[in-house]
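Secondary and tertiary structure notes
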Amino acid sequence: MAKNILGNTIKVQRAKKDLTQEQLAGLVGVTRTTINLIERRRFVPSALIALKIAMAFGVPFEEVFYLDVDKSIE
Amino acid sequence: MKSKIEKMNRMRKNILIGFLVGWGTLCLWILNPTIISLKFRWQEAGPFIRRIQPYLKGLWILGIIILSIYIILFLIYRIKITKDPFVHTAVNDERVRLDWLRAFRFAFYTLIGITIFWKWWETSLVPDVLTKNIWVVHGPWLIWFGSIFALVSSFLYYNREAKGE
């Protein structure tokens, strides 16, 4: 069965805003490692952190996070 | 220039690694009779133990020195981090708290595992214990050192960064 995972466009948004992971971490108030793990889909953030990330980019939530399907689990 | 969050995060990681090394050294020292008697029975181990005594004492001193240094560094870290609530919250973000939780769970299972092993060891070899023909396992020390070691090392493991991709 396919599993739903939380996809994100953090890398793209960071490139648009010319932000490093460390700078984004500073804006959101988490460690750089946390941003790194969220970006690589290894860690699912809480709604609060996810909203803070979207706010840091100044875009709507759904432009940064979306529901994806992990086909490798099928 | 590195941000303060990053700096404090790295400082905590270094302190935990240092603490783990110091704790591991003390662990080796406290468990040395067990390690030694893996090869030698107590009756035969006398001269060997006497020969390595200075080194074992060194191990104890080394462990204490390493632990003391890192405890002082930890206190400095605590003072620095409590001065800035924003950095404090960021360094202990939800992922870090989750990693600690997973580390505590792992340490708990380790504690249970060691306790079962120790009780089995103790009860299954009663005849050998009576004749003193057995390697000594320091049960309480083993549990204490094993669980702390498992806690800190598993936190560092869970807290590592994802590589590649």
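Now for a description of the structure that goes with this document. (Residues numbered from 1 in each chain as written. Chains lettered and ligands numbered in written order. Predicted model: local features only at pLDDT ≥ 70, side-chain atom pairs only at ≥ 80, totals over all residues.)

**Considering the overall build of chain A**
Put simply, the rule reads: Helix and strand labels come from DSSP, where a helix needs a run of H or I of at least four residues and a strand needs a run of E of at least two; each type is numbered from the N terminus. As a reference, a globule follows 2.2 Å times the number of residues to the power 0.38, and the radius of gyration itself is taken over C-alpha atoms. Put plainly, a residue is buried at 20 or more neighbouring C-beta atoms within 10 Å of its own, exposed at 12 or fewer, and partly exposed in between, counting only other residues' C-beta atoms, which are placed from the backbone.
What chain A contains, in helices and strands, is 5 helices and 2 strands. Scanning chain A from its N terminus toward the C terminus, one meets helices and strands in the order β-α-α-α-α-α-β. Computed over the C-alpha atoms, the radius of gyration of chain A is 12 Å, within 12% of the 11 Å expected from 2.2 N^0.38 for a compact globule of 74 residues. Looking at chain A residue by residue over its 74 residues, the buried ones come to 31%.

**Digging into the overall build of chain B**
Selection rule: Here contacts are defined at the residue level, using C-beta atoms placed from the backbone and a cut-off of 7 Å between them.
Across its full length, chain B carries 7 helices and 0 strands. For chain B, the proportion of its 165 residues judged to be buried stands at 19%. The contacts of chain B with a sequence gap of at least 6 include a subset with a gap of at least 24, amounting to 87%.

**Examining the environment of F117 of chain B**
Residue and element names in this part refer to chain B. When you line up the elements, F117 lands in helix 5 (residues 94-124). F117 sits in the partly exposed class, given 15 other C-beta atoms within 10 Å. Sequence-wise, F117 and E161 are 44 residues apart; in three dimensions their C-alpha atoms are separated by 33 Å.

**With respect to the environment of P85 of chain B**
All names here are of chain B. Note on placement: P85 falls in helix 4 (residues 85-91). Taking the number of C-beta atoms within 10 Å as the measure of exposure, P85 has 9 and is therefore exposed. As for P85 and K13, which are separated by 72 residues in sequence, their C-alpha atoms are 19 Å apart.

**Remarks on the interface of chain A and chain B**
Size of an interface: often given as the accessible area lost when the parts come together. In plain terms, the rule: Only Asp, Glu, Lys and Arg are considered charged in this grouping, and only Ala, Val, Leu, Ile, Met, Phe, Trp, Tyr, Cys and Pro are considered nonpolar; every other residue, Gly among them, is considered polar.
The interface of chain A with chain B comprises 16 residues on the first partner and 15 residues on the second. Elements that contribute at least two residues to the side of chain A that touches chain B include exactly helix 2 (21-28) and helix 3 (32-39) of chain A. At 5 residues, the largest contribution of residues to the side of chain A that touches chain B is made by helix 3 of chain A. Of the residues belonging to the side of chain A that touches chain B, the class tally is 5 nonpolar, 7 polar and 4 charged.

**Side note on unusual backbone geometry**
All names here are of chain A. The phi angle at D18 is positive, at roughly 55°, despite the residue not being glycine. Mapped onto the secondary structure, D18 falls in the loop between helix 1 (10-17) and helix 2. With 7 C-beta atoms packed within 10 Å, D18 lands in the exposed category. Positive phi, close to 65°, is recorded for R41, a residue that is not glycine. With respect to the helices and strands, R41 occurs in the loop between helix 3 and helix 4 (47-57).

**Some points on the packing of helix 1 (residues 4-30) of chain B against helix 7 (residues 139-158) of chain B**
A packed helix pair is summarised by two numbers, namely the angle formed by the two axes and the spacing between the axes. Residues and elements named next belong to chain B. Put simply, the rule reads: Interaxial angles span 0 to 180 degrees and are taken between N-to-C directions of axes, which are lines fitted to C-alpha atoms, for helices over the stretch in contact. Relative orientations are named as follows: roughly parallel for angles under 35 degrees, roughly antiparallel for angles over 145 degrees, roughly perpendicular for angles from 65 to 115 degrees, and oblique for any other angle. By definition, any crossing whose near helix is turned counterclockwise from its far helix by less than a right angle is left-handed, and any crossing with a clockwise turn is right-handed.
For the pair helix 1 and helix 7, interaxial distance at closest approach is 10 Å and the crossing angle is 155°. Taken together, the axes of helix 1 and helix 7 are roughly antiparallel relative to one another. Between helix 1 and helix 7 the crossing geometry is left-handed. Packed against helix 1, whose contacting residues are L16, I17, F19, L20, W23, G24, C27 and I30, the element helix 7 presents W141, F145, I148, F149, V152, S153, F155 and L156 at the interface. Across the contact of helix 1 with helix 7, the residue classes break down as 14 nonpolar, 2 polar and no charged.

**Some remarks on the nonpolar core**
Within soluble globular proteins, side chains that are nonpolar tend to cluster in buried spots. Heads up, the rule is: For this entry, the nonpolar core is defined as buried Ala, Val, Leu, Ile, Met, Phe, Trp, Tyr and Cys residues connected by C-beta atoms within 7 Å.
In this structure, A25, V28, V30 and I53 of chain A together with I5 of chain B are the most contacted members of the largest nonpolar core, which totals 19 residues. When residues in this core are grouped by element, the largest group, 4 residues, is from helix 4 of chain A. Excluding residues that lie within four positions of it along the chain, I5 of chain B makes contacts with A25, G26 and T31 of chain A together with V87, A90 and V91 of chain B. L20, L26, Y70 and F145 of chain B belong to the second largest nonpolar core, which has 8 residues in total.

**Digging into helix 3 of chain A**
Most of helix 3 of chain A sits inside the fold, with 7 of its 8 residues counted as buried. For helix 3 of chain A, the complete set of buried residues consists of R32, T33, T34, I35, L37, I38 and E39 of chain A. Each element contacted by the buried residues of helix 3 of chain A is listed here: strand 1 (3-8), helix 1 and helix 2 of chain A together with helix 1 and helix 5 of chain B. Backbone geometry just after helix 3 of chain A places R41 of chain A at a positive phi near 65°.

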